[in-house]
Amino acid sequence: MTTNAGTSQVKRPRRTPAGAAVLREDVTEAIRAAVFAELAAVGYSRMSIEGIARRAGVGKTAVYRRWRSKLHLVLDLVSAVAVQGLPAPDTGSLEGDLRLLYEVTSRALRHPVAGQIIPDLQAEAARNPDIADAMQKALREGQQSVASGIVAAAVARAEIGEDVDIDLALDLISGPLYWRAVVVRGPKFPKGYLAGLARATAGALKAL
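Residues numbered from 1 in each chain as written. Predicted model: local features only at pLDDT ≥ 70, side-chain atom pairs only at ≥ 80, totals over all residues. Heavy atoms only, no water.

Caption draft 1: Summary view of the packing of aromatic side chains. All told, the structure shown has one aromatic pair when counted by the stated rule. Seen in terms of ring centroids, F189 and Y193 are 4.9 Å apart; in terms of plane orientation they differ by 15 degrees. Their pairing is stacked. The aromatic ring of Y193 is capped on one face by R180, whose charged end is 4.7 Å from the ring centroid. (Phe/Tyr/Trp six-rings, centres within 6.5 Å; stacked < 30°, edge-to-face > 60°. Lys NZ or Arg CZ within 6 Å of the ring centre and 35° of its normal.)

Caption draft 2: Spotlight on the nonpolar core. Among the nonpolar cores identified, the biggest contains 27 residues, and I31, V35, I52 and L73 are the most heavily contacted of them. Grouped together as the second largest cluster of nonpolar side chains are 25 residues, A181, L194, L197 and A202 included. (Core = buried A, V, L, I, M, F, W, Y, C linked by side-chain atoms within 4.5 Å. Buried < 20%, exposed > 50% of the residue type's maximum accessible area, 1.4 Å probe, protein only.)

Caption draft 3: View of the pattern of salt bridges. This structure, assessed with the given rule, holds 10 salt bridges. Two residues, R32 and D76, come together in a salt bridge whose shortest N-O distance is 3.8 Å. One end of the pair, R32, is in helix α1 (residues 25-42); the other, D76, is in helix α4 (residues 70-84), and 44 residues separate them in sequence. Two residues, E38 and R55, come together in a salt bridge whose shortest N-O distance is 2.7 Å. Here E38 is found in helix α1, whereas its partner R55 is found in helix α2 (residues 49-56), with 17 residues between them in sequence. Judged by its relative accessible area of 9%, E38 is buried. Overlapping salt bridges, with partners in common, bring together E25, E29, R32 and D76 in one network. (Salt bridge = Lys/Arg side-chain N within 4 Å of Asp/Glu carboxyl O. Helix = DSSP H or I, 4+ residues; strand = E, 2+ residues; numbered from the N terminus.)

Caption draft 4: Region of the structure containing unusual backbone geometry. The phi dihedral of A158 falls on the positive side, at around 65 degrees, and the residue is not glycine. Summarising the element assignment, A158 is placed in the loop between α7 (129-156) and α8 (166-184). According to the relative accessible area criterion, A158 is exposed, its value standing at 66%.

Caption draft 5: Spotlight on the environment of L101. Along the polypeptide, L101 turns up in helix α5 (residues 94-109). The spatial distance from the C-alpha of L101 to the C-alpha of I173 is 9.4 Å, given a sequence separation of 72 residues.

Caption draft 6: Main features of the environment of A108. Relative to the assigned elements, A108 resides in helix α5. In this structure, the C-alpha to C-alpha distance between A108 and A181, residues 73 residues apart in sequence, is 10.0 Å.

Caption draft 7: Quick peek at the packing of α8 against helix α9 (residues 193-207). Relative orientation of the contacting elements α8 and α9 amounts to 155 degrees, with a least axis distance of 9 Å. For the element pair α8 / α9, the angle class is roughly antiparallel. In this structure, α8 meets α9 at a crossing whose hand is right-handed. Across the interface between the two elements, A169, L172, I173, P176, L177 and R180 of α8 pack against Y193, L194, L197, T201, A204 and L205 of α9. By residue class, the composition of the contact of α8 with α9 is 10 nonpolar, one polar and one charged. (Axes fitted to C-alpha atoms, helices over the stretch in contact; angles between N-to-C directions. Parallel < 35°, antiparallel > 145°, perpendicular 65-115°, else oblique. Left-handed = near helix turned anticlockwise from the far one by under 90°. Contact = heavy atoms within 4.5 Å. Nonpolar A, V, L, I, M, F, W, Y, C, P; charged D, E, K, R; others polar.)

Below you can see the structure in the form of structure tokens.
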């Protein structure tokens, strides 16, 4: 209790201003998981805020408090892929780093949910430049940042030359696996495919 000009005043806890309620992280994560599930189940064009909220077990208001629309929600999730990235391989050799990268990436790309979501978002990207930009950024900043690290490590070990064409090297590293897993979407990789791809890519990089 304090006094001010003879008047007793009791200090009370400061209240959170109206409109500044804290967003619960567990609810946010539940909504994000629901978006992935909805995309896999019905695709972007048929996905709705109502369906997302129902799957997440929350009201529509909880979704709209975090994102203005389903477009902003999906753009946020796609962009988050770039932030999460992939683990940087550190096996001590260029071929070993490439093989580990391909193993991790192939598991992610061939996950049943990813296999349904990625082609659908690619189709939407052809019609929606905002989704196209977000997907390009996610793939570039996520995959290529790791690939750049592999190239830099190989240069430091003198496995490839310092004057290597970085853009061409990144295309060689990232292109084949995405073509096979995302575009062709063929059956399961045959035995030894990833090891062979790593060996061939390492040889190509050394020849640049």
